[in-house]
Structures are given as structure tokens and as C-alpha cells.
Amino acid sequence: MFLSLQANAQRYLFFLHNAFLELQGESGVHPEYGKAEYSSIKDKFNKAGFVVISELRKRNTDAHEYAEKVSIQIDSLLKKGVKAKDITVVGTSKGSYIAMCVSGLQKNKDLNFVFIACCSEELLVNDRLRFYGNVLSIFEESDILGRSCDAQRKQAGDKVVRYKEIELHTGLKHGFLYKPMDEWMLPTIKWAKQDYK
């Protein structure tokens, strides 16, 4: 994963994609949701003014090992003087699970996280998933895979400084996260710019 400190950069955004891209890459076409537009999503974050740190993960990447890798990169940025409030970790589906693990590893209340389409009752018993920081949860009403993170937020208690949840109504099920849609990307961008309203 590419990581460098840019002197004129204000904000850094880690984007962690869904599992389909691990299996099929950008050329793959999901039978229901179509192509996962990874590059377009990254470009939209870039154009919003972020230094985007992201890569296509290898097939069957171990989520916990990858979370440790991202956590080390965050540590590197912090040691170079980047403020935690200027770092956001955004994940979609499996990428969201990895982002949740990063939150638990970092235990930093100033970092920003956006968890998209991943929460479920099963995750409540996972000791690796303890939310910290400023958390935005986004899920789609028609999606049966990723639901509300409210239970995880309550479990975290005061470790979560700010919390907001957005329920979308696109009708696209889990496929909404395959596209650079304003419905989820604009709230994510605002959150990463510390617009927590």
C-alpha cells in the first residue's frame, strides 16, 4: 500500500474496499451489482482533497493481519506529525470489518472512521471490534448483509467521541457500495473533513 507524507496535504484517507475486488479485481462483474468501480471511488476522494491510501488486496487477505498493516501506517503518519483528526479510515463491507479492527488496534479517540455495510449481530461477540474515535456508520435499508452499527456503538460507550448513522434508501441492496454514489460518498467526505453535523 502506497504511503507518503505530503507537506502540503491536510488530510489522509485510507480506503479499504469490499471482498469482491479481492476475488475478481476491477475487471470482474458481479452478476447482480455489476462492476465494483474502485478507481472511480478513489478518484472522487482524491478530487475532494484527500491523500488517498489504498490498494487492491490479494485474494483471501487475512483481515486482522491487514488491519495491523494499516495501523502501522497510521502510526507512521502520526510520528511524522500528522494530526489524528486529519486521518480517516473508510471501509466498505469486508473493508469495513478491517477498518473496525484498525479502530480497536489504534484506540485513538481523535481518528475518524466510516464503516459502510458491515455491522451485524454476529460482530457483537468479536473482541477485536471495539470502536474508538469519531464513527460514521452508513448502511442501506435493502441490504441484508450490512446493517446498523448502533449496537456496536452502545457497546463502545465513551470510547466513541462522536457517532452518526445514515440509513440509505437506494434499493440497490449491497450493490450501492460498488459505485461512487453521492449518497454514501458525500457524507463520508464531510465526516473526513470533520463536518460532524
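Right, let's walk through the structure included here. (Residues numbered from 1 in each chain as written. Predicted model: local features only at pLDDT ≥ 70, side-chain atom pairs only at ≥ 80, totals over all residues. Heavy atoms only, no water.)

Summing up its helical and strand segments, the chain has six helices and eight strands in all. N-terminal to C-terminal, the α/β element order of the chain is β-α-β-β-α-β-α-β-α-β-β-α-β-α. Taken over 197 residues, the chain has a buried fraction of 52%. For the chain, the share of sequence-separated contacts (at least 6 apart) that also reach a separation of at least 24 residues comes to 75%. Taken together, the 29 basic and 25 acidic charged side chains of the chain have centroids lying 6 Å from each other. (Helix = DSSP H or I, 4+ residues; strand = E, 2+ residues; numbered from the N terminus. Buried < 20%, exposed > 50% of the residue type's maximum accessible area, 1.4 Å probe, protein only. Contact = heavy atoms within 4.5 Å. Lys, Arg positive; Asp, Glu negative; His and termini not counted. Charge placed at Lys NZ, Arg CZ, Asp CG, Glu CD.)

For the rest of this paragraph, the subject is the side chain of asparagine 112. With respect to the element layout, asparagine 112 can be found in strand S6 (residues 112-116). Since its relative accessible area comes to 0%, asparagine 112 is described here as buried. Within the local environment of asparagine 112, its side chain forms a polar contact with the side chain of threonine 88, the two groups lying 3.5 Å apart. When residues no more than four places from it in sequence are discounted, the contact partners of asparagine 112 are Lys85, Ile87, Thr88, Val89, Asn134, Trp191, Ala192, Gln194 and Tyr196. (Polar contact = N/O pair within 3.5 Å; in protein donor to acceptor, adjacent residues only side chain to side chain.)

For the rest of this paragraph, the subject is the state of the cysteines. Under the criterion given, the structure shown has one disulfide. The partner cysteine of cysteine 119 in its disulfide is cysteine 149, sulfur to sulfur 1.9 Å. Sign of the S-S torsion, about 95 degrees for the bond between cysteine 119 and cysteine 149, identifies this disulfide as right-handed. A residue pair is termed long-range when its members are at least 10 positions apart, and cysteine 119 in the loop between S6 and strand S7 (133-140) and cysteine 149 in the loop between S7 and helix H5 (150-156) qualify at 30 residues. (Disulfide = S-S within 2.5 Å.)

Its place among the elements puts glycine 49 in the loop between helix H2 (38-47) and strand S4 (51-53). Separated by 39 residues in the primary sequence, glycine 49 and threonine 88 have C-alpha atoms spaced 13 Å apart.

Spatially, six strands are ordered S4-S1-S5-S6-S7-S8 in an open sheet, and the strand pairing comes out parallel. Because the sheet does not close on itself, it has two edges, and the strands there are S4 and strand S8 (160-168). Averaged over all neighbouring strand pairs, the angle between strand axes comes to 15 degrees, with direction disregarded. In the sheet, strand S5 (residues 87-92) pairs with S6 via five bridges, with the strands oriented parallel. Counterpart to threonine 92 in the pairing with S6 is isoleucine 116. Each of strand S1 (12-16), S4 and S5 is contacted by H2, which is oriented at about 165 degrees to S1, the strand it contacts most. Contacts between helix H3 (residues 63-79) and the sheet are confined to S1, S4 and S5, with S1 contributing the most and set at about 175 degrees to the helix. (Pairing = 2+ DSSP bridges. Axes fitted to C-alpha atoms, helices over the stretch in contact; angles between N-to-C directions.)

Below, the discussion takes up the nonpolar core. In terms of nonpolar packing, the biggest core is built from 33 residues, with Phe14, Ile74, Val89, Met100, Val102, Phe115 and Phe131 touching the most fellow members. The set of elements that each furnish at least two residues to this core consists of S1, S4, H3, S5, helix H4 (94-106) and S6. In this structure, valine 89 is in contact with Phe14, Leu16, Ile74, Ala99, Val102, Asn112, Phe113 and Val114, ignoring residues within four places of it in sequence. (Core = buried A, V, L, I, M, F, W, Y, C linked by side-chain atoms within 4.5 Å.)

With glycine set apart, most residues show a phi of negative sign, and most peptide bonds adopt trans. Its identity as a non-glycine residue notwithstanding, asparagine 60 has a phi of 55 degrees, on the positive side. Positive phi is not limited to glycine here, since serine 93 has a value of about 55 degrees. Turning to its location among the elements, serine 93 is positioned in the loop between S5 and H4. Residue serine 93 is classed as buried on the basis of its relative accessible area of 17%.

Bringing helix H6 (residues 182-192) into the picture now. Of all the positions in H6, only Trp184, Met185, Pro187, Thr188, Ile189, Trp191 and Ala192 are classed as buried. On its buried side, H6 packs onto S1, H2, S5, S6, S7 and S8. Downstream of H6 by a residue or two, glutamine 194 has a phi angle that is positive, lying close to 65 degrees.

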